[in-house]
Amino acid sequence: DDAGGVRLVVLGVAHPYSGRDGSEALQEAKSILTQRGSTPRVYRNMLVFLAAEGRQLDSLKEAVRSALAWTQIAKEATRLNLLPSDAALASAKSTEANETLKTRLKEAWCYLMYPVQETAQAEVDWISGKVPAQDGVLSRASKKLVSDEALMPDLGPARLDRDLQKYIWGGKPHLMLKDIWEYLNRYTYLPRLRIQAVLFRAVQASISAMIPGPFAYAESWDEATKAYRGVAIDKSPSTPVVIDSESVIIAPDVALAYFSSQAPITPTTGSQPNGGGQAAPTGGTTPVPGSNGGGEKLPTRFVGTVMISSERPAREIHQIVEAIVEQLTTLPGSEVSLKLEIDAEVPAGLDRAKVRTLLENAATLGFIDKVVS
């Protein structure tokens, strides 16, 4: 239950999809969506579900039994005193049975389910649909969600603003970007964004066009002086958009009033309140690389080191890519390099076969350093 992006929940064989409203899959999905253990789930718009079709599970179970049987026979060919021809047949049957099992697995988990709300006041409804058996589970589920617009790998600023106008703006002059990301994760009547970088790109697109977009961007809002800092309205593709507790987007009417009433000024003028209590630099100017437009030298390098658990490395690496790497690679002109360092201590020692396997695999994968000692 975190705001790290959309997650696919694969339901087990105990909860098959039967096509009925009361199917085990739907009931389990509803339970997972509303509760996280004994506490209410917060980020409900980040979950989609994949369930096995009940009718396909019988074929899958038969394929599992066949694969287990032939694999065991091939493994115990010597003990069973099989003739060489029979042992070869058992091995071939084992390979065939395991390939059939892989196919049956893909065919069985084929029903995608996700929650939707037409409006904030409407009851949560569930959409379900069958996905094709080709490709991997994540790939086919993702393609289906994108085609149904239930998952947004990209979101235009106009579409984002339309939903914000409908549910969130409420006459406010600006919205915190951190709050917007929180809302998008929580509420199923809002668009379901794949990762946070989608929101970043939507804001960047709004301020990069030759004319003002549906909202402006500012680095922060100073409540004491009633002024925005680091405003970008248009022609600002190099403005470093950041999604944090200080950055804001400015409402369309407020941004338009600012744009209409302010003469273009240079970024060095700084933030000065106007009659409406807000002012800022840019006015369509492009910041000088390496500065914030006010003469202040901006940092140009980020270096980070993090410890990754060996128990679930794939998940942690995925989170790091979403939270850090994609934040950097989406910046214009950025050059990002990644280095994975593995330090393993094996008290029992590594035998020759394992050492050879490690070194060969490391060479195949392009490891720069590979040392066994």
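All of these numbers come straight from a predicted model, not from anything done at the bench. (Residues numbered from 1 in each chain as written. Predicted model: local features only at pLDDT ≥ 70, side-chain atom pairs only at ≥ 80, totals over all residues. Heavy atoms only, no water.)

Novice: Before we go on, may I ask you to explain the nonpolar core in this structure?
Specialist: Where a protein is soluble and globular, its nonpolar side chains tend to be buried together. Leu-177, Ile-180, Leu-193, Leu-199, Val-203, Ile-249 and Ile-250 are the most contacted members of the largest nonpolar core, which has 39 residues in total. Of all the secondary-structure elements, those providing two or more residues to this core are α5 (157–167), α6 (177–186), α7 (196–208), β8 (216–218), β11 (248–250) and α8 (252–261). The biggest single contributor to this core is α7, with seven residues. Discounting chain neighbours no more than four positions away, the residues touching Leu-177 are Leu-199, Val-203, Tyr-217, Val-242, Ile-243, Asp-244, Ser-247, Val-248 and Ile-249. Counting 36 residues, the second-largest nonpolar core is a separate cluster that includes Leu-11, Ala-52, Leu-60 and Leu-145. (Core = buried A, V, L, I, M, F, W, Y, C linked by side-chain atoms within 4.5 Å. Buried < 20%, exposed > 50% of the residue type's maximum accessible area, 1.4 Å probe, protein only. Helix = DSSP H or I, 4+ residues; strand = E, 2+ residues; numbered from the N terminus. Contact = heavy atoms within 4.5 Å.)

Novice: So what exactly am I meant to see when it comes to the sheet that holds strand β1 (residues 7–10) here?
Specialist: Strands in a sheet are paired, the pairing made by backbone hydrogen bonds, and the direction either parallel or antiparallel. Taking strand neighbours across the sheet as the criterion, the four strands line up as β1-β4-β5-β6 in an open arrangement whose pairing is mixed. Looking along the sheet, the strands with just one partner apiece sit at the ends: β1 and β6 (125–130). Taking the axes of each pair of neighbouring strands and ignoring which way they run, one obtains an average angle of 25° across the sheet. Note that strand β5 (residues 109–116) and β6 share six bridges and pair antiparallel. Paired with Pro-115 across the strands is Trp-126, a residue of β6. (Pairing = 2+ DSSP bridges. Axes fitted to C-alpha atoms, helices over the stretch in contact; angles between N-to-C directions.)

Novice: For this particular structure, what's the right way to read the sheet that holds β8?
Specialist: With antiparallel pairing, three strands are arranged side by side in an open sheet as β7-β11-β8. Each edge of the sheet is formed by a strand with only one pairing partner; in this case those strands are β7 (174–176) and β8. Put simply, the sheet's adjacent strands are angled 25° from each other on average, direction ignored. Where β7 and β11 come together, three bridges link them in antiparallel fashion. Bridging across to β11, Leu-175 finds its partner in Ile-249. Lying over the sheet, α6 contacts β7, β8 and β11, oriented at roughly 70° with respect to β7.

Novice: I'm lost on α7 in this one. Help?
Specialist: Given 3.6 residues per helical turn, the α-helix brings residues three or four places apart onto the same face. Counted at 1.5 Å a residue, the expected span for α7 with its 13 residues is 18 Å, and the 19 Å between its end C-alpha atoms agrees. For α7, the full list of buried residues reads Ala-197, Val-198, Leu-199, Phe-200, Ala-202, Val-203, Gln-204, Ser-206 and Ile-207. (Expected span 1.5 Å × (residues − 1).)

Novice: What should I look at first to understand a nonpolar patch on the surface in this one?
Specialist: On the surface, a cluster of nonpolar side chains totalling about 670 Å² of accessible area is made up of Val-306, Ile-308, Ile-317, Leu-340, Ile-342, Leu-365 and Phe-367. Mapped onto the elements, Phe-367 comes out in the segment after α10 (352–364). (Patch = residues over 30% accessible without salt bridge, like charges linked within 9 Å, V, L, I, M, F, W, Y side chains within 5 Å. Areas by Shrake-Rupley, 256 points an atom, 1.4 Å probe, with all protein chains shown as cover. Salt bridge = Lys/Arg side-chain N within 4 Å of Asp/Glu carboxyl O.)

Novice: Which parts of the structure should I look at to understand unusual backbone geometry?
Specialist: With a phi angle near 55°, Asn-81 is a residue other than glycine that sits in the positive phi range. Counting through the fold element by element, Asn-81 comes out in the loop between α2 (54–75) and α3 (84–108). Unusually for a residue other than glycine, Glu-149 sits at a positive phi of about 60°. Here Glu-149 is to be found in the loop between α4 (137–147) and α5.

Novice: Would you mind going over the pattern of salt bridges with me for this structure?
Specialist: Side chains that differ in charge, positive against negative, can pair when their charged atoms come close. Tallied over the entire structure, the rule returns 14 salt bridges. Between Arg-65 and Glu-62 there is a salt bridge; the shortest N-O distance is 3.1 Å. With Arg-65 and Glu-62 both in helix α2, this residue pair falls three residues apart, about one helical turn. Owing to a relative accessible area of 45%, Glu-62 belongs among the partly exposed residues under this scheme. Notably, a salt bridge pairs Lys-235 with Asp-234, separated by 3.2 Å at the nearest N-O pair. Relative accessible area serves as the criterion here: at 29%, Lys-235 is assigned to the partly exposed category. Accessibility expressed as a relative area gives 1% for Asp-234, which makes it buried.

Novice: Even after reading the chapter, I still don't get the pairing of strand β4 (residues 47–52), so can you show me in this structure?
Specialist: On a regular strand, one side chain projects to one face of the sheet and the next to the other, so that they alternate. With six of six residues buried, β4 lies mostly within the body of the structure. The side-chain alternation of β4 yields two buried faces, one formed by Leu-47, Phe-49 and Ala-51 and the other by Val-48, Leu-50 and Ala-52. In this structure, β4 lies alongside β5, joined through four bridges in antiparallel fashion. Note on β5: the bridge partner recorded for Leu-50 is Leu-112.

Novice: What is the right way to read α2 from this model?
Specialist: With 22 residues, α2 should cover 32 Å at 1.5 Å per step; its first-to-last C-alpha distance of 32 Å lies within 8% of that length. Among all positions of α2, only Leu-57, Leu-60, Ala-63 and Ala-67 are buried. Along the axis of α2, the buried residues cluster in a sector spanning 120°; they form a single face. In α2, the exposed positions angled more than 90 degrees off the buried face are occupied by Arg-55, Asp-58 and Arg-65. (Arc of directions from axis to C-beta.)

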